[in-house]
Amino acid sequence: MGIIIGSLEQGLIFAIMALGVFIAFRILNYPDLSVDGSFPMGAAISALLIVKGTNPFIALIFSGIFGGVAGLITGLLNTRAKIDGLLAGILTMTALYSVNLKIMGTSNLSLFRKNTIFTPLNNLKPQLTQLFGNSEWLSWVNQWINTIVLFLFILLIKKIIDWFLQTDLGLAIRATGDNPAMIKSLGVNTDNSTLIGLILSNALVGLSGGMMAQYQGYSDVQMGIGMIVIGLASVIIGQVIFGSKSIKRSTFAVIGGAIIYRIVIAISLYLPWLSPTDMKLITAFLVILSLTLPQHSKIGKNIFWQKRKVNKKNYHAQQISTENN
Amino acid sequence: MLRVENVSKTFNVNTVNEKRALNNINLKLHQGDFVTVIGTNGAGKSTLMNAIAGVFNIDSGTILVDGKDVTKLKESQRAKYIGRVFQNPLAGTSPNMTIEENLAMAYKRGQKRGLRLALNNQKKEFFKSSLELLELNLESRLQQKVGLLSGGERQALSLLMATFTKPKVLLLDEHTAALDPKRAELINKLTKKIVQNEKLTTLMITHNMEHALKLGNRLIMMHQGEIILELDELQKKKMTIKELIDAFEKLRGEQFALDSAVLG
């Protein structure tokens, strides 16, 4: 049970990062690799500020802001300096590695015995026991309280993103990824919409990094390595299983994908013939599996019910358009 | 409404591929004018349209829309005054967004886009009544993704998106060329209807002589970056397809003679 709860909690924190990756890759259609740098940057900022005695919630806000700045830099390199999108992200990521070391002053900063955003929840547990006495129900609550609060927080973020992507500005950003020539002809400066999208995306990633540092009790300069693949894995797994019919469905799918990814990793690490060093291999395998299975095999189509439904719909639409023609 | 004064544009300056695409073009459209543009391939028709829309900067000359000098404005800044429909039916709409979302984006043409929800009931009603004009039953499919529509339907939607905010100038760049004859006929019918209803100042490129004569009140023919023939309303009415094709053939013949002289 502990493993499931642990991976749920981590999955929920990673889900915020995955939502950031979703905005860059799926909404903006921008291959942004700066995630590997903005995630540890969020962690570094949170760790530094907490060690210096700042309120952990304020530290978290700064994690998000600095993540957003990282996104802004990538965006400026791409739109103003006209550097290829992929390279712009790699450059930011590379530079941020040194910046993160500078921020922390060391490669690993511990938050041992410091207050984090999870401290109030942990303090609440003995208080609840005092109030209601020791019951089975209460121990269940104590076990799940982090997960529930995290879940509510992620739900709030999902709602905000859903709302934003339905506003006039959000629509312009979505069209920038979908058909830039068209939205330009409607009077939108696509450079600016790209910038806004990347800032939002990396702010979420930075926020997620800050939460992860506070959750695990330390920040490590290496903790961003491979983060983009984890984010992409979550997005792809989620969309294969839950679909991407609408924005609301897509963001739900990304969160679901992040949790499922975490649980699959946890289970596979539990298997005797796999070791923790195999994690990246499993990740790559998972992504390949979820990309190929639904397209090429009957089994895949049957497992992933959503895909089947979409295909039916496409078929229907094709029929309509042939009739019209 | 639209004034193009002494506009020139040369591509690939100082290379072997140097091409003078527009040579001192002068053109004046009054409010409500509907001008069809014909000409050979490479005559500069699309270049003229792109110059007006601001896709690139022109070398010399001025472009005025509604008395306002837009020569220095960027494409996205001119969008406020200029509506466009492209040849490719996929170019004018966003495939992964719904019909109503596409319309909502066009509704905000050239305006500041803020953090208000893009859709509300009032707008939806307006979109529905606008779509009814197309008679394609799109009004009952508001929440469908545009990528699921046929080419003709997408082009009709593009036309609506380019016009329903009443831009000062409407640019149509061979917008029926990629469609089958039946669909092309439908889009032409809609073009005529919408331009008349909204009294839009329109510039339309076409390769179809029949369309060029049937639609609009004026006609220009372009060749090698210059306007070589201009017909006003009366002349255009008298012009037959045969005469127009003859004029066109003569032009191509000259071109051929010129080529053979060089080659000979």
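Residues numbered from 1 in each chain as written. Chains lettered and ligands numbered in written order. Predicted model: local features only at pLDDT ≥ 70, side-chain atom pairs only at ≥ 80, totals over all residues. Heavy atoms only, no water.

A.B. asks: I would appreciate a short explanation of the overall build of chain B in the present structure.
C.D. replies: Of the regular secondary structure elements, chain B holds 9 helices and 10 strands. Its C-alpha radius of gyration of 19 Å places chain B within 12% of the 18 Å reference for a compact globule of 264 residues. Seen along its three principal axes, the alpha-carbon backbone of chain B occupies a region of about 65 × 40 × 35 Å. Evaluated residue by residue, chain B yields a buried proportion of 52% over its 264 residues. (Helix = DSSP H or I, 4+ residues; strand = E, 2+ residues; numbered from the N terminus. Rg over C-alpha atoms; globule rule 2.2 N^0.38 Å. Buried < 20%, exposed > 50% of the residue type's maximum accessible area, 1.4 Å probe, protein only.)

A.B. asks: What exactly am I supposed to notice about the overall build of chain A here?
C.D. replies: Secondary structure assignment for chain A yields 14 helices and 2 strands. Computed over C-alpha atoms, the radius of gyration of chain A comes to 21 Å, within 12% of the 20 Å expected from 2.2 N^0.38 for 325 residues, which places it in the range of a compact globule. Taking the principal axes of its C-alpha atoms as reference, chain A extends roughly 70 × 50 × 40 Å. Going through the 325 residues of chain A one by one, you find that 53% of them count as buried. Look at the contacts in chain A between residues 6 or more apart in sequence, and 75% of them connect residues 24 or more apart. With an accessible surface of roughly 15,200 Å², chain A has 67% of that area assigned to carbon and sulfur atoms. In chain A, 24 positive and 12 negative side-chain charges are present, and the distance between their average locations comes to 4 Å. (Contact = heavy atoms within 4.5 Å. Areas by Shrake-Rupley, 256 points an atom, 1.4 Å probe, with all protein chains shown as cover. Lys, Arg positive; Asp, Glu negative; His and termini not counted. Charge placed at Lys NZ, Arg CZ, Asp CG, Glu CD.)

A.B. asks: What should I look at first to understand the sheet that holds strand E6 (residues 82–85) of chain B in this one?
C.D. replies: The strands that make up a sheet are held in pairs by hydrogen bonds between backbone atoms, and each pair lies either parallel or antiparallel. All names here are of chain B. One open sheet holds the 6 strands; their spatial order is E6-E7-E8-E3-E9-E10, and the pairing between them is mixed. Each end of this open sheet is capped by a strand with a single partner; those strands are E6 and strand E10 (226–231). The average undirected angle you get between the axes of adjacent strands in this sheet is 20°. Against the sheet, helix H5 (residues 151–163) makes contact with E6 and strand E7 (169–173), and its axis sits at roughly 175° relative to E6, the strand it touches most. (Pairing = 2+ DSSP bridges. Axes fitted to C-alpha atoms, helices over the stretch in contact; angles between N-to-C directions.)

A.B. asks: Explanation requested: the sheet that holds strand E5 (residues 68–69) of chain B in the structure shown.
C.D. replies: All names here are of chain B. Spatial ordering of the open sheet is given by E2-E1-E4-E5, a layout of 4 strands whose pairing is antiparallel. Pairing within the sheet leaves two strands with one partner each, and these edge strands are strand E2 (19–29) and E5. Judged from the 5 bridges that link them, strand E1 (residues 2–11) and strand E4 (residues 60–65) form a sheet pairing that is antiparallel. Paired with arginine 3 across the strands is leucine 64, a residue of E4. Each of E1, E2 and E4 touches helix H1 (residues 45–53); the most contacted strand, E2, lies at about 65° to it.

A.B. asks: Any chance you could explain empty space enclosed by the protein here in plain terms?
C.D. replies: A water-sized probe rolled over the atoms picks out the places where empty space is left. The final tally for this structure, using the stated rule, is 2 cavities of 30 Å³ or more. What the largest cavity holds in volume is close to 60 Å³. Around the largest cavity, the lining residues are Met182, Ser185 and Leu186 of chain A together with Arg84, Val85, Phe86, Gly92, Arg109, Ser158, Met161 and Ala162 of chain B. Of all elements in the fold, only helix H8 (180–185) of chain A together with E6 and H5 of chain B reach the threshold of two or more residues within the lining of the largest cavity. Ranked by residues supplied to the lining of the largest cavity, first place goes to H5 of chain B with 3 residues. Split into classes, the residues belonging to the lining of the largest cavity amount to 6 nonpolar, 3 polar and 2 charged. Looking at the second largest cavity, its volume works out to about 30 Å³. Every residue lining the second largest cavity is listed: Ser185 of chain A together with Ala53, Glu75, Arg78, Ala79, Ile82 and Arg84 of chain B. In the lining of the second largest cavity, the residues fall into 3 nonpolar, 1 polar and 3 charged. (1 Å grid on protein atoms, 1.4 Å probe; cavity = no way out; pocket = protein on both sides within 12 Å on 5 of 7 lines; lining within 4 Å. Points joined across faces, edges and corners; volume = space filled by probe spheres on them. Nonpolar A, V, L, I, M, F, W, Y, C, P; charged D, E, K, R; others polar.)

A.B. asks: Can you help me understand the interface of chain B and chain A in this one?
C.D. replies: By a frequent convention, interface size equals the accessible area lost on bringing the separate parts together. Listed as interface residues are 37 residues of chain B and, on the opposing side, 28 residues of chain A. Of the roughly 2,700 Å² buried where chain B meets chain A, counting both sides, 55% is carbon and sulfur surface. For the pair chain B and chain A, the number of links is 2 salt bridges. Of the charged contacts, one joins lysine 108 of chain B and aspartate 168 of chain A as a salt bridge, the two residues approaching to 3.8 Å between their closest N and O atoms. Viewed at the interface, chain A and chain B are joined by 14 residue pairs in polar contact (both at pLDDT 80 or more). (Buried area = accessible area lost by both parts, 1.4 Å probe. Salt bridge = Lys/Arg side-chain N within 4 Å of Asp/Glu carboxyl O. Polar contact = N/O pair within 3.5 Å; in protein donor to acceptor, adjacent residues only side chain to side chain.)

A.B. asks: How should I be thinking about the UniProt feature "domain: ABC transporter" (unreviewed entry) in chain B in this particular structure?
C.D. replies: When the UniProt feature table is mapped to this numbering, "domain: ABC transporter" (unreviewed entry) covers residues 2–249 of chain B. When the span residues 2–249 of chain B is considered, its composition is 35% helix and 25% strand, and the gap between its end C-alpha atoms is 30 Å. (UniProt positions renumbered as here; feature names shortened; annotations may be inferred.)

A.B. asks: Please explain the confidence of the model for chain B as it appears in this structure.
C.D. replies: Detail in the predicted coordinates should be disregarded across regions flagged by low pLDDT. Confidence along chain B averages 90 in pLDDT terms, with 95% of residues attaining 70 or more. When pLDDT is averaged over each element of chain B, helix H3 (residues 99–107) of chain B comes out on top at 96 and helix H9 (residues 241–263) of chain B at the bottom at 69. (pLDDT = per-residue confidence, 0-100.)

A.B. asks: Explain the pairing of E4 of chain B to me, please; I cannot follow it from the model alone.
C.D. replies: Both faces of the sheet carry side chains from a regular strand, because those side chains alternate between them. Residues and elements named next belong to chain B. As defined by bridge partners, E4 adjoins E5 across 2 bridges and the pair is classed as antiparallel. In the strand pairing of E5, leucine 64 is matched with aspartate 69. Counting the residues in the hairpin turn of E4 and E5 gives 2 residues, including aspartate 66, whose phi is positive at 55°.

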